[in-house]
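Single-letter residue listing:
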Amino acid sequence: MTIIFVIIALLIGLLVGYLMRKISSEKTLGSAETRAQNIILDAENRADTIKKEITIEAKEEAHKLRSDAEREAKERRNELNRLEKRLISKEESIDRKLENIERKEESITNKEHRIKAKEEELDGFIEKQIKELERVSGYTSEEAKVVLLESLEKDVRHDASVMIRDIESKAREQGEKKAREIIVGAIQRCAADQVAESTVSVVNLPNDEMKGRIIGREGRNIRAIETATGVDLIIDDTPEAVILSCFDPVRREIARITLEKLIVDGRIHPARIEEMVEKATKEVNNYIKEAGEQATFEVGIHNLHPELVKLLGRLRYRTSYGQNVLQHSVEVAQLAGLMASELGLDTKLAKRAGLLHDIGKSIDHEVEGTHVDIGIDLLRKYKEREEVIDGMASHHGDYEPKSLEAVLIAAADALSAARPGARRETLENYINRLQKLEEIANTTPGVEKSYAIQAGREIRIIASPEEKKDDDLPLLAREISKRIESELQYPGQIKVNVIRETRAIDYAK
């Protein structure tokens, strides 16, 4: 019973709970529906409000756009009206200008007609005057023109000849005076002392015992020095001195420095000699380079090829008739530059060619040919200008000068060599050498006459036409050049020029 009672109680409880929950759910659902309806009503109210606001804003924006469009349209209409007025004004102005132009063209046309009429009238008048003049003078116009021109030509020729004579006379007087002034001024401004040098050098010894050490055992030391330097050592009875003899001044200078170093060092043997020769060679090469650079600096010439600078420096140890060739080259460059400056010519060209005019003498002991031809090859090798080569090539008259600067270089070379004290050779030796030169030529069979010219640099020989034929001339020139080489001592070269009906030329080297 108890269990049944409990079950009944549970059922009653479940039923009561179900009823209470249903009642509560119905109340909650009704409340939710009421809130939902309220929310929908609020949303509809808000939507109506927003719609009204958007409509109002759209109407305002449309009104504003309409106003802006009307204002812009009004401004454009105003601009178009303004442009239209300007166009109308310009059209009126163009119309007025066209009217003026038409009036001016009409006026010009009328003037042209009047001028044409005047010209026709003037031509008729001139023709009448010409006919009247021809009738009075008895000449036609062409005949009168010829007579008048002949008369004028005679007068002009006479006046021109008188004027030319006066100009030539004044130019000759002034030219000679000006030339003397230029040359004297150039020499005065460029006067330089010359140091006479020879083909031998003397090395002083501390004592005569040093001679034996220089000779060495069985002469091995002196042979080593001569072999390494190419210089002859002359050891004679001269007290405390050794003479170095060589035609090449560079080799002679290397030998002198080597010998002085050996004397100071005291150790004289073949290995030490070779070492000292190498050091002396480097020193002399440095001296050569410095001498070349100093010469270019003195003259004011730049951009020379480095090899040309070294060849210039070698001229420091080269002499011609006792005159130092490097000093002579610098002096020629300065003289030529001064004269070119006075004459309004190219000063730099004159100086450059003057400095390089004897460049061939730097290697004329090593290369066959005259120093002029050697110099031409050197300057072309190192890309010098043709104007410089022409100035160098023509300084002895071997080639025709092509510029006034080349003529000045030849004059400067002659001035530098000829001024007193420049060259050591005495007048007596000079005359004896020329006489000996002519004597050699005159005593050769087949020679009629001979003349030593160009300061002994050339001998001109007149061959006997009865004894010598044209084919014999080259042999005759060769025979005389060989005799000169064997019987005379001279610097440089002597040109042997044999003349009959043709000429054959050879050189005594």
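Residue positions are given per chain, counted from 1 along the sequence in the order it is written. In keeping with the model being predicted, local features are shown solely for residues with a pLDDT of at least 70 and side-chain atom pairs are shown and tallied solely at 80 or more, while totals for entire chains, interfaces and linings include all residues. Derived side-chain values reflect all non-hydrogen atoms in the structure, with water molecules and hydrogen atoms excluded from consideration.

Q: What is the right way to look at helix α10 (residues 371-381) in this model?
A: What sets the pattern is the α-helix's 3.6 residues per turn: residues three or four places apart point alike. Within the span of α10, buried status applies to His371, Val372, Ile374, Gly375, Ile376, Leu378 and Leu379. The contact criterion used is simple: two residues touch if any of their non-hydrogen atoms lie within 4.5 Å. In this description a helix means any DSSP run of H or I spanning at least four residues, a strand means any run of E spanning at least two, and both kinds are numbered starting from the N terminus. Against the buried residues of α10 lie α7 (306-314) and α11 (386-393). Following α10 by one or two positions, Lys383 has its phi on the positive side, about 60 degrees. Relative accessible area decides the class of each residue, using a 1.4 Å probe on protein chains only: under 20% of the type maximum gives buried, over 50% gives exposed, and in between gives partly exposed.

Q: I keep staring at the pattern of salt bridges and nothing clicks. Help me out?
A: Side chains that differ in charge, positive against negative, can pair when their charged atoms come close. Salt bridges are identified by distance alone: a Lys or Arg side-chain nitrogen within 4 Å of an Asp or Glu carboxyl oxygen. For the structure on display, the rule yields 18 salt bridges. The residue Arg76 makes a salt bridge to Glu72 at a minimum N-O spacing of 2.9 Å. Of this pair, Arg76 and Glu72 both sit in helix α1 (residues 2-137), four residues apart, which is roughly one turn of the helix. A relative accessible area of 55% places Arg76 in the exposed class. For Glu72, a relative accessible area of 40% puts it in the partly exposed group. The partner of Arg267 in a salt bridge is Asp265, with the nearest N and O atoms 3.0 Å apart. Classification of Arg267 by relative accessible area gives partly exposed; the value is 46%.

Q: Explain a nonpolar patch on the surface to me, please; I cannot follow it from the model alone.
A: Residues Met1, Ile4, Ile8, Ile12, Val16 and Met20 make up a contiguous nonpolar surface patch of roughly 660 Å² in combined accessible area. Summarising the element assignment, Met1 is placed in the segment before α1. The exposure class of Met1 is exposed, given its relative accessible area of 82%. The patches reported here contain residues having more than 30% relative accessible area and no salt bridge. Joining distances are 9 Å for like charges and 5 Å for nonpolar side chains (Val, Leu, Ile, Met, Phe, Trp, Tyr). Residue-level accessible areas treat just the shown protein chains as cover; the underlying method is Shrake-Rupley with a 1.4 Å probe.

Q: Would you take a moment to explain a negative patch on the surface for this structure?
A: For the charge count, each Lys or Arg is scored as positive and each Asp or Glu as negative, with His and the chain ends excluded. Charged groups are reduced to one reference atom each: NZ for lysine, CZ for arginine, CG for aspartic acid, CD for glutamic acid. A contiguous patch of negative charge, built from Glu91, Glu92, Asp95, Glu99, Glu102 and Glu105, is present on the exposed surface. With respect to the helices and strands, the residue Glu99 is situated in helix α1.

Q: I keep staring at the nonpolar core and nothing clicks. Help me out?
A: A general trend in soluble globular proteins is that nonpolar side chains are found buried together. Working definition of a nonpolar core: buried Ala, Val, Leu, Ile, Met, Phe, Trp, Tyr and Cys residues. They are joined through side-chain atoms within 4.5 Å. Of all hydrophobic cores here, the largest spans 39 residues; its most connected members are Leu304, Leu355, Ile359 and Leu379. A per-element tally of this core places helix α8 (residues 325-343) first, with nine residues. Apart from the residues within four sequence positions on either side, Leu304 is in contact with Thr296, Val309, Leu312, Arg352, Leu355, Leu356 and Glu384. Grouped together as the second largest cluster of nonpolar side chains are 27 residues, Val231, Leu233, Cys246 and Ile273 included.

Q: What exactly am I supposed to notice about the packing of helix α5 (residues 249-265) against helix α6 (residues 270-299) here?
A: For any two helices packed against each other, the geometry is given by the interaxial angle and the distance between the axes. To get an axis, a line is fitted to the C-alpha atoms, and for a helix only the part in contact is used. The angle between two axes follows their N-to-C directions and goes from 0 to 180 degrees. Their axes nearest at 8 Å, the elements α5 and α6 cross at an angle of 130 degrees. The orientation of α5 with respect to α6, classified from their angle, is oblique. When you trace α5 past α6, the crossing you get is right-handed. Of the residues in α6, those in contact with Val250, Glu253, Ile254, Ile257, Thr258, Lys261, Leu262 and Asp265 of α5 are Arg272, Ile273, Met276, Val277, Ala280, Thr281, Glu283, Val284, Tyr287 and Ile288. Under this grouping Gly is polar, as are all residues other than the nonpolar Ala, Val, Leu, Ile, Met, Phe, Trp, Tyr, Cys and Pro and the charged Asp, Glu, Lys and Arg. Its residues assigned to classes, the contact of α5 with α6 comprises eleven nonpolar, two polar and five charged. An angle below 35 degrees is read as roughly parallel, one above 145 as roughly antiparallel, one from 65 to 115 as roughly perpendicular, and any other as oblique. For any pair of crossing helices, the crossing counts as left-handed if the nearer helix is rotated counterclockwise from the farther one by less than a right angle, and right-handed if it is rotated clockwise.

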